[in-house]
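# Survey of secondary and tertiary structure
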Amino acid sequence: PVGTTAVRTIESLYWFGVRLLKKDVNPEAKDLYVRQWDPYRLSHEAGGHEKLPTAVEALTAVLDWSNATSGGGESVIEGHTQLIIVPGYRFALCDYLFTNTHQPRSTLLMLVAALLGGKDRLFALYDHALAGGY
């Protein structure tokens, strides 16, 4: 389980690897990045999420890249992400999430709805929490 601030970072590691495996990034780059809609684009280009590399394949690609670009020194992974997680996003590495859901009109609600499988399940969970006094 991870908190909401870690979800984008962890999921971005997977997408760094997918981009490396798909030759969608310069292999000699000093840092990696994930653009906002890369996961959705890459999934579409692959013919569906099930045709994307496994988590092990993607993370191995990231480690291989890190070792190759380290110049024999300490292996470091640097990058940045603009990843947006909205309903319909297929999580590659995260199975559980610790969060609060009391921030109306926030992207946190989109992230939670994506993990739960849609806004109807989010609202049902939220209603349950309110009814139970959580």
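Please refer to the structure placed before this passage.
Residues numbered from 1 in each chain as written. Predicted model: local features only at pLDDT ≥ 70, side-chain atom pairs only at ≥ 80, totals over all residues. Heavy atoms only, no water.

### Topic: the packing of helix α4 (residues 107–116) against helix α5 (residues 119–132)
Each pair of packed helices can be summarised by the angle the axes make with each other and by the distance between the axes. At a minimum axis distance of 7 Å, the contact between α4 and α5 shows a crossing angle of 105°. Classified by the angle between their axes, α4 and α5 sit roughly perpendicular to one another. Taken together, the residues of α5 that come into contact with α4 (itself represented by Leu109, Val112, Ala113 and Leu116) are Lys119, Arg121, Leu122 and Leu125. In the contact of α4 with α5, the residues fall into 6 nonpolar, no polar and 2 charged. (Axes fitted to C-alpha atoms, helices over the stretch in contact; angles between N-to-C directions. Helix = DSSP H or I, 4+ residues; strand = E, 2+ residues; numbered from the N terminus. Parallel < 35°, antiparallel > 145°, perpendicular 65-115°, else oblique. Contact = heavy atoms within 4.5 Å. Nonpolar A, V, L, I, M, F, W, Y, C, P; charged D, E, K, R; others polar.)

### Re the nonpolar core
Counting 28 residues, the largest nonpolar core has Val7, Trp15, Val18, Leu20, Ile85, Tyr89 and Phe91 as its most contacted members. Among the elements of the structure, α1 (4–21), β2 (32–34), α3 (55–69) and α4 are those that each provide at least two residues to this core. (Core = buried A, V, L, I, M, F, W, Y, C linked by side-chain atoms within 4.5 Å. Buried < 20%, exposed > 50% of the residue type's maximum accessible area, 1.4 Å probe, protein only.)

### Remarks on α3
One turn of the α-helix equals 3.6 residues, which is why residues spaced by three or four share an orientation. Between its first and last C-alpha, α3 extends 21 Å over 15 residues, near the 21 Å set by a 1.5 Å rise per residue. Within α3 the residues assigned to the buried category are Ala58, Ala61, Val62, Trp65 and Ser66. Within α3, the buried residues cover an arc of 130° as seen down the axis, which keeps them to one side. In α3, the exposed residues that point more than 90 degrees away from the buried face are Val56 and Ala68. (Expected span 1.5 Å × (residues − 1). Arc of directions from axis to C-beta.)

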